[in-house]
Each structure stands twice: as C-alpha cells, then as structure tokens.
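A look at the structure
One-letter residues, chain by chain:
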Amino acid sequence: EHLASTSSRTHAELCGRDLQGGTAWAPGTSFGSGDSIGFYLDLDESKIWIYKNGIPLDPLPAYRNLPHKKELFPFCTLFHPNASASISFRPLPATKPVDSRTASDGVKRFSTPWSQEKKAAGLELRGGHLEAHLSTLHITVEQPLLIPDSSLLVARPLSIRASTPLPLYEDTYFEVSIDIPGRNFGTSLQGGFYVGLCNENFESWDGQWEWEAATRQGVWALHDSFGAKRGQISTPANARMDWSNQMGIDAVTCVGYGSLNAPSGHPKALPGFGNGDRIGFLVKRCIEGTDPLSTEILSMQPRDAEVLLFKNGKLRGRLHSGIKEHELWPFASLAPHQGARLCLHFPPNPLEAAEALDPTSIVM
C-alpha cells in the first residue's frame, strides 16, 4: 500500500493490492518537493493514517485491512533524476488518530457497510465492505425496436444499498464517492452513475431502473450528469429532473424546495459530480432541543427526513425537505465501467456547520 504524488494540485493517488491503478484520494491531499509525509500504523486495527508536515490529510484511514502477522517495510519510489528521499522515525502524534467512520471525540458514530445481499451480482465488496468494485459486467442480448432481425449486446447498470438503514431519530451524515482507474480527479464519469438514498421498495439491483416508474420506486438519487454545471436527480415521481428548474417529487414544488429564484436553496444549480468527488448527504431527523434516544422521542412517529447535499465538504443545497419514508439506506448505481470503485464514507457530521450557514450566501 502506498501514496503517489500526481501532477494535480489538489489530490494524491492511493495505490495498493485492492486498488486498480492510481485511485484519486480526497481533495487537498497532494504533496510536493520538501513535504514530509508521515504514516501512522495501527497494527491492532490494521489501518494506516497519512500525515503531511505533521497534519492528518484525512480523518479517515487511507487503508484498512492490512495483512495480519506480515512483515511491513517503509517504501519509496523516485521518478526524477537527482531526486532523493530520507526516512526518519519520530514520536507518535500527541493524539492517536480516530477512524471517524466509527468514532470521534469519544462518541460512537453510525456506520454501515455495503450490503452483501442487496446488490448486483457483478459487484465485489472489499475494504471491510465499505468498497464495492465492479468486477463482472451484466451483459444481455437485445433486439433494437427500429432494426428488425438484429441484436445488440447491452451492459446493464449495477446497484447496491447499505446493509443497515439510517437511524430514525438521529441526524446522519454519509458520503459516497466513485472512481474509475486511469481518470483524473473530478473528470466526467460519462453518465449513468447515481448516489443517494433508497427505501425497502427498491429491488432492481441488476439492470436499468431509472426510466420506469415501477422500478424507480423508493429512490432519491443524484445523477453524475457528465460533470455538467447543472445536476439531475431521479425520484419515485420523475427521472433525471434538472436540479434547479423542474418540479420536485410532489409535482408542484421546485427541486430542492427553495424559492423560484433559488430552487435548491442555493443561488447556483448543484453541479453534477465526477471521478473521486465525495457527495455528502446530511439526513436530518433529530427534533431540535430533544434527546433522540429518550423514551418520549422513541415513542413518537419518526420525523420526515430533510436531506441536505454536500460536494467535497461544501454545502450545495437541499435535496428534499421531507421524505416520508421511515427506513432509508445509502444507495448507489454504477454504469458498466470495468474496474469502477464505489466507496462509502462516514466522516464527522457537518450539522453544526450546516445550521450556521445560510445556503444562499455560500460561495461556490
């Protein structure tokens, strides 16, 4: 397992046995000449955190599931002539890094892996089941309507949901990222990728689901939109509605449930997403000023879920003001690109930051 610098100024690439080629890491992780790159190994939990000049690059471990009882060695590759590298062993950081997927500041966080049952057959789970890799394409033979006596080979989308539904009475934040080997960070995924939420009614794991109302039931998801400046969402009511100027799930209110001038609650349309982008979903269900685990709250009907969207940590608008479904799962759908990787992240909940900001004042 190793970290690679790139010509990009924003991110580094992660390489390893479970990664095909260089996999774009989170924004802001790039490093250059003179930087000191640190590696914190927790062999008890089989995890590695990576630091740059003494500062963690990501609250999440860069690698999980290191091989047990195997010898590990510091490693480096030099590319340019006259380049040099030095190694040093310094005292451990004052504070042991914490996997924010499961805990932060001593408070256990909700987390769930991808489901082993509710997924397409061609998806292989790795990385503690937080990663889904497209290993096998689902190909069918179909006859085009306009070309009699002919046939086409069609590769179908592959979908998956998380193993455990989101809490009914607590606010939950999760992020989903998709990357394809060989593509730079942020470049277009070329369409057909979705990230979002689903309920128990969705069952179309292998194959197309977005264009038929019957197969689209129980999905609220953002389309990658070829990385365009204006994203699209699909809901049980409609497929691929423009984020900023079409009607929402109730066929009356604009998508995003803001004003007519800013339908998403943001002055600009939510853009699509590209390779390696982290799309975050803050699902708000906690009643302000109450203990979500109190007997009184647990005896009440769950609150409708308000969903705020983030892109690479920045609040970008409101997806929905009140999904009435009780049980919701993180959900994603992959277009048939061999080697595509889907990751589920549980970084710190940005609730306080989201409430402190006026969405209409955020600079894109």
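Residue positions are counted from 1 within each chain, in the order its sequence is given. Given that this is a predicted model, residues contribute local features only at a pLDDT of at least 70 and side-chain atom pairs are listed and counted only at 80 or more, while totals for whole chains, interfaces and linings are drawn from all residues. For side-chain calculations, the full set of non-hydrogen atoms in the structure is used, while hydrogens and water are omitted.

1. Digging into the overall build of the chain
Cut-off, in case you're wondering: The way it works is that DSSP assigns letters per residue, a run of H or I at least four long becomes a helix, a run of E at least two long becomes a strand, and they are numbered from the N terminus. Only protein chains enter the calculation, and the probe is 1.4 Å; a residue is then buried if its accessible area is under 20% of its type maximum, exposed if over 50%, and partly exposed in between. Contacts are residue-level and defined by heavy atoms, with any inter-residue pair within 4.5 Å sufficient.
Secondary structure assignment for the chain yields 3 helices and 24 strands. Classification of the 364 residues of the chain by burial places 47% in the buried group. Restricting the contact set of the chain to residue pairs at least 6 apart, pairs at least 24 apart contribute 61%.

2. Digging into the sheet that holds strand β21 (residues 305–311)
Where we set the bar: Note on pairing: DSSP must find at least two bridges between two strands before they are called paired. Lines are fitted to the C-alpha atoms to define the axes, a helix being fitted only along its stretch in contact, and any angle between axes, read from their N-to-C directions, falls within 0 to 180 degrees.
Strand order in the open sheet made by the 7 strands is β10-β11-β24-β15-β20-β21-β22, with antiparallel pairing throughout. At either end of the open sheet lies a strand with only one pairing partner, and these are β10 (123–126) and β22 (314–323). Looking at each pair of strands side by side, their axes are set apart by 20° on average, direction ignored. Pairing geometry for strand β11 (residues 131–134) and strand β24 (residues 341–345), over 3 bridges, is antiparallel. Bridge assignment links Glu131 to a residue of β24, and that residue is Cys343.

3. Observations regarding the environment of Pro59
Locating Pro59 in the fold gives a position in the loop between β6 (55–56) and β7 (103–104). Residues Pro59 and Pro347, 288 residues apart in the sequence, show an inter-C-alpha distance of 7.1 Å.

4. Overview of the sheet that holds strand β23 (residues 329–334)
Spatial ordering of the open sheet is given by β9-β14-β23-β16-β17-β18-β19, a layout of 7 strands whose pairing is antiparallel. If you trace the sheet from one side to the other, it starts and ends with β9 (114–119) and β19 (241–242), each paired once. Pairing of strand β16 (residues 194–198) with β23, which is carried by 5 bridges, proceeds in the antiparallel orientation. Among the inter-strand pairings, Val195 is bridged to a residue of β23, identified as Ala332.

5. Structural notes on the packing of aromatic side chains
Put simply, the test is: Within 6.5 Å between ring centres, the rings of Phe, Tyr and Trp (the latter by its six-membered ring) count as paired, and their orientation is classed by plane angle as stacked under 30 degrees, edge-to-face over 60, tilted in between. Over a ring means this: the NZ of a Lys or the CZ of an Arg is within 6 Å of the ring centre and within 35 degrees of the ring normal.
One pass over the structure, following the stated rule, counts 8 aromatic pairs. Judged by centre distance (6.2 Å) and plane angle (85°), the rings of Tyr40 and Trp49 are edge-to-face. No difference in accessibility class separates Tyr40 from Trp49, as the two residues are buried. Plain terms: the ring middles of Phe202 and Phe331 are 5.0 Å apart, the flat faces sit at 75° to each other, and that makes the pair edge-to-face. Of this pair, Phe202 sits in the loop between β16 and α1 (213–216) while Phe331 sits in strand β23; the two residues are 129 residues apart in sequence, bridging distant segments of the chain. Site record: aromatic cluster; members linked through ring pairs are Tyr194, Phe202, Trp205, Trp209 and Phe331. Its guanidinium or amino end placed over the ring of Trp329, Arg161 lies 3.8 Å from that ring's centre, counting from NZ or CZ.

6. With respect to the nonpolar core
A general trend in soluble globular proteins is that nonpolar side chains are found buried together. Applied cut-off: Note on terminology: a nonpolar core comprises buried Ala, Val, Leu, Ile, Met, Phe, Trp, Tyr and Cys residues joined through side-chain atoms within 4.5 Å.
Of all hydrophobic cores here, the largest spans 49 residues; its most connected members are Phe174, Phe193 and Leu342. Residues contacting Leu342, with those up to four places away along its chain left out, are Trp114, Leu130, Glu131, Ala132, Ile160, Val176, Ser177, Ile178, Ala332 and Leu334. Within the second largest apolar cluster, 7 residues are counted, among which are Ile48, Ile50, Ala62 and Leu66.

7. With respect to unusual backbone geometry
Despite not being glycine, Asn82 has its phi angle at roughly 70°, a positive value. When you line up the elements, Asn82 lands in the loop between β6 and β7. By relative accessible area, which is 83% here, Asn82 ends up exposed. With a phi close to 70°, Gln190 is a non-glycine residue in the positive phi region. With respect to the element layout, Gln190 can be found in the loop between β15 (172–179) and β16.

8. Focus on the confidence of the model for the chain
Basically, it comes down to this: Note on scores: pLDDT gives the predictor's confidence for each residue, bounded by 0 and 100.
Here the chain shows a mean pLDDT of 74. Residues at 70 or above account for 68%. By mean pLDDT, β7 is the weakest element of the chain at 44, and β23 is the strongest at 94. Contacts for the low-pLDDT stretch residues 103–108, under 50 throughout, to residues beyond four places or in other chains number 7 contacts. Overall, residues 141–146 carries pLDDT values under 50, and its contacts beyond four positions in sequence, including any with other chains, amount to 15 contacts.

9. Focus on the pattern of salt bridges
Oppositely charged side chains may form a pair once their charged atoms are brought near each other. Spelled out, the test is: Salt bridge, as used here, is a side-chain nitrogen of Lys or Arg placed within 4 Å of a carboxyl oxygen of Asp or Glu.
One pass over the full model with this rule turns up 9 salt bridges. Here Glu124 ties to Arg126 by a salt bridge, and the two come within 3.3 Å at their closest N and O atoms. Using a relative accessible area of 35% as the deciding quantity, one classes Glu124 as partly exposed. We classify Arg126 as buried; its relative accessible area is 18%. Taking the shortest distance from any N to any O, the salt bridge between Glu306 and Arg303 comes out at 3.5 Å. A cluster of three or more residues bridged by salt bridges with shared partners is formed by Glu131, Asp179 and Arg341.

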